[in-house]
Number of protein chains: 2
Amino acid sequence: MPPLTPTGRVILGMIALGSQTGYDIKQLVDKSTRNFWAASYGQIYPELRRLEEQGLIEGQSDPRGGRARTVYELTAAGQAALSGWLDATGDPSFEVRDEGMLKLFFSDIGTPDQRIRNLRAMRHSHQNTVAQLEQLDVNADHMGTGPKLTLELGLGLHRAIVEWCDAAVQRLLEEKNDHRDANQHRDASQHSDDD
Amino acid sequence: MPPLTPTGRVILGMIALGSQTGYDIKQLVDKSTRNFWAASYGQIYPELRRLEEQGLIEGQSDPRGGRARTVYELTAAGQAALSGWLDATGDPSFEVRDEGMLKLFFSDIGTPDQRIRNLRAMRHSHQNTVAQLEQLDVNADHMGTGPKLTLELGLGLHRAIVEWCDAAVQRLLEEKNDHRDANQHRDASQHSDDD
DNA sequence: AAATGCATGTAAGACGTTACATGATTTT
DNA sequence: AAAATCATGTAACGTCTTACATGCATTT
């Protein structure tokens, strides 16, 4: 028996949480886990096939009107596979690919202005994420403990990044001003940031 | 002209920072960016070829003794491509795949103990990362502003995750105790955590 | 003499996104 | 009547990791 693929895990989990169709799964992933574990249709539908072949899920046709629709549920083997994964010890995989940080890393190559623009772009995208998560947070009452915890952690992290970006920009601007003031006396006006 | 590939960017950047060989690049990536942008030999060497074909870098054979060795440097076009990327506006890509959080999200499926074990596993792996970054931090004097900033942000983030995991575990344990105390009176001993 | 580090590379496969295509149902 | 939502799927492509293979140079 091949081990659960990465996408296989999300799918089993989402079906366990009540998702029925491939479409359903995608909706739920986009609403809940996409910030730390995304999935696309191009992965989901083929993977549903494989999981059924492996006997971990079972689907049956359940059309709504003239519209084809396949409803899936976990088999006993599927529940076992899911539990086995959740119970497995050993460090969980963790990967980040952050273009903003990469640019920041290389930012000595460019101008100080470029660096600040980049920090503002980072700030902006993480602030977006915060706003999305805050939307979800309003119905935290109807959530299980797991989803509540991940939401809380996500909010905390993205907020921390936003705040750090703000602080970094401010520090860089002050350094720039210090440097300018040390050379000669001119005026500069400060910007105000949206939020 | 095809746009810079993801790995192409790191390679150009690392060469700009002074890396000379493919081996060099890999070493530097592993020491500096791998927590937010990794690269493997399987990507690096083929990509060096492509970048040379595109005229963005130029390599020349520079053996050390009987050992083959190719030293690369940026061409003018390569510097332009790198600057163009660093200067580009529009939100930078940002992706996370965090198995620990995914398990946490699904943790209502398992037992409370499983959830706590999972949180401890997360804590452990992020604490490892913190330790690695602290090693790098000791020679922060010799770093440019960019590397210093990414190091600082990385440290802050991973430390925040460690702390959040600790707090979450504690909260969950307290809830468990409250629940137990509400039913009947027994004793439980607390664990002590390594660090 | 052995182990570690320097240095280069490839092949196979795993994983993933994007873009496209199709069509029914429900809401506006 | 149009737009949004539900629902399923595929093909092409891009990207990346793992595992393997090789061999010289330096340090222990």
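Structure: above.
What counts, and where the lines are drawn
Residues numbered from 1 in each chain as written. Chains lettered and ligands numbered in written order. Predicted model: local features only at pLDDT ≥ 70, side-chain atom pairs only at ≥ 80, totals over all residues. Heavy atoms only, no water. Near = heavy atom within 4 Å. Polar contact = N/O pair within 3.5 Å; in protein donor to acceptor, adjacent residues only side chain to side chain. Helix = DSSP H or I, 4+ residues; strand = E, 2+ residues; numbered from the N terminus. Contact = heavy atoms within 4.5 Å. Buried area = accessible area lost by both parts, 1.4 Å probe. Salt bridge = Lys/Arg side-chain N within 4 Å of Asp/Glu carboxyl O. Axes fitted to C-alpha atoms, helices over the stretch in contact; angles between N-to-C directions. Parallel < 35°, antiparallel > 145°, perpendicular 65-115°, else oblique. Nonpolar A, V, L, I, M, F, W, Y, C, P; charged D, E, K, R; others polar. Patch = residues over 30% accessible without salt bridge, like charges linked within 9 Å, V, L, I, M, F, W, Y side chains within 5 Å. Areas by Shrake-Rupley, 256 points an atom, 1.4 Å probe, with all protein chains shown as cover. Lys, Arg positive; Asp, Glu negative; His and termini not counted. Charge placed at Lys NZ, Arg CZ, Asp CG, Glu CD. Buried < 20%, exposed > 50% of the residue type's maximum accessible area, 1.4 Å probe, protein only. Core = buried A, V, L, I, M, F, W, Y, C linked by side-chain atoms within 4.5 Å. Phe/Tyr/Trp six-rings, centres within 6.5 Å; stacked < 30°, edge-to-face > 60°.

Visitor: Could you give an account of the protein's contact with DNA strand C, with specific residues and numbers?
Guide: Near DNA strand C lie 22 residues; those nearest to it are Q43 and G66 of chain A together with R49, R67 and R97 of chain B. The separation between a phosphate oxygen of DNA strand C and a polar side-chain atom of R49 of chain B is 2.8 Å. Here R69 of chain B contributes a side-chain N or O atom positioned 2.9 Å from a phosphate oxygen of DNA strand C. For the surface near DNA strand C, the secondary-structure elements that each account for two or more residues are α1 (6–16) and α3 (41–53) of chain A together with α2 (22–32) and α3 (41–53) of chain B. The element best represented in the surface near DNA strand C is α3 of chain B, accounting for four residues.

Visitor: Give me the protein's contact with DNA strand D: which residues, what numbers.
Guide: Near DNA strand D lie 22 residues; those nearest to it are R67 and R97 of chain A together with T7, Q43 and G66 of chain B. The protein-proximal atoms of DNA strand D, defined as those within 4 Å of the protein, are 68% sugar or phosphate. Side-chain polar atom of Y45 of chain A to a phosphate oxygen of DNA strand D: 3.0 Å apart, as the coordinates give it. R67 of chain B is positioned with one of its side-chain polar atoms (N or O) 3.0 Å from a base oxygen of DNA strand D.

Visitor: Account for the interface of chain B and chain A, naming residues and giving values.
Guide: Between chain B and chain A, the residue contacts involve 60 residues of the former and 60 residues of the latter. Summed over both sides, the interface of chain B with chain A buries roughly 6200 Å², with 70% coming from carbon and sulfur. Here chain B is connected to chain A by six salt bridges. For E152 of chain A, the salt bridge goes to R171 of chain B, with nearest N and O atoms at 3.0 Å. At the boundary of chain B and chain A, one finds 28 residue pairs in polar contact (both at pLDDT 80 or more). Listing elements by their share of the side of chain B that touches chain A, those giving two or more residues are α1 (6–16), α4 (76–87), β3 (94–98), α5 (99–105), α6 (112–137) and α7 (145–183) of chain B.

Visitor: Mind laying out the packing of α1 of chain A against helix α2 (residues 22–32) of chain A, listing which residues take part and the relevant values?
Guide: Residue and element names in this part refer to chain A. Running from amino to carboxyl end, α1 crosses α2 at an angle of 100 degrees, the nearest separation of the two axes being 10 Å. The orientation of α1 with respect to α2, classified from their angle, is roughly perpendicular. Residues V10, I11, M14 and I15 of α1 form the contact with α2, whose participating residues are I25, L28, V29 and S32. Residue composition of the contact of α1 with α2, grouped by class: seven nonpolar, one polar and no charged.

Visitor: Tell me what's going on with a negative patch on the surface, and back it up with residues and numbers.
Guide: Residue and element names in this part refer to chain A. Negative charge collects at one region of the surface, where E52, E53, E58 and E73 lie side by side. Checked against the element boundaries, E52 lands in helix α3. Classification of E52 by relative accessible area gives partly exposed; the value is 32%.

Visitor: How would you sum up the nonpolar core? Please name residues and give values.
Guide: Of all hydrophobic cores here, the largest spans 80 residues; its most connected members are L119 of chain A together with L119 of chain B. Beyond its immediate sequence surroundings of up to four residues, L119 of chain A is in contact with L104, W164, C165, A168, V169 and L172 of chain A.

Visitor: Mind laying out the packing of aromatic side chains, listing which residues take part and the relevant values?
Guide: If you walk through the whole model with that rule in mind, you get eight aromatic pairs over all chains. Seen from their ring centres, F106 of chain A and W85 of chain B are 6.3 Å apart, and the 70 degrees between their planes marks the pair as edge-to-face. Highlighted residues: F106 of chain A in the loop between α5 (99–105) and α6 (112–137) and W85 of chain B in helix α4, drawn from two different chains. Residue F106 of chain A is classed as buried on the basis of its relative accessible area of 0%. By relative accessible area, W85 of chain B is classed as buried at 8%. Relative to F106 of chain B, the ring of F105 of chain B lies with its centre 5.3 Å away and its plane at 75 degrees, an arrangement referred to as edge-to-face. The two residues F105 of chain B and F106 of chain B agree in class, both being buried. Through a chain of ring-to-ring contacts, the aromatic side chains of F36 and W85 of chain A together with F105 and F106 of chain B assemble into a single cluster.

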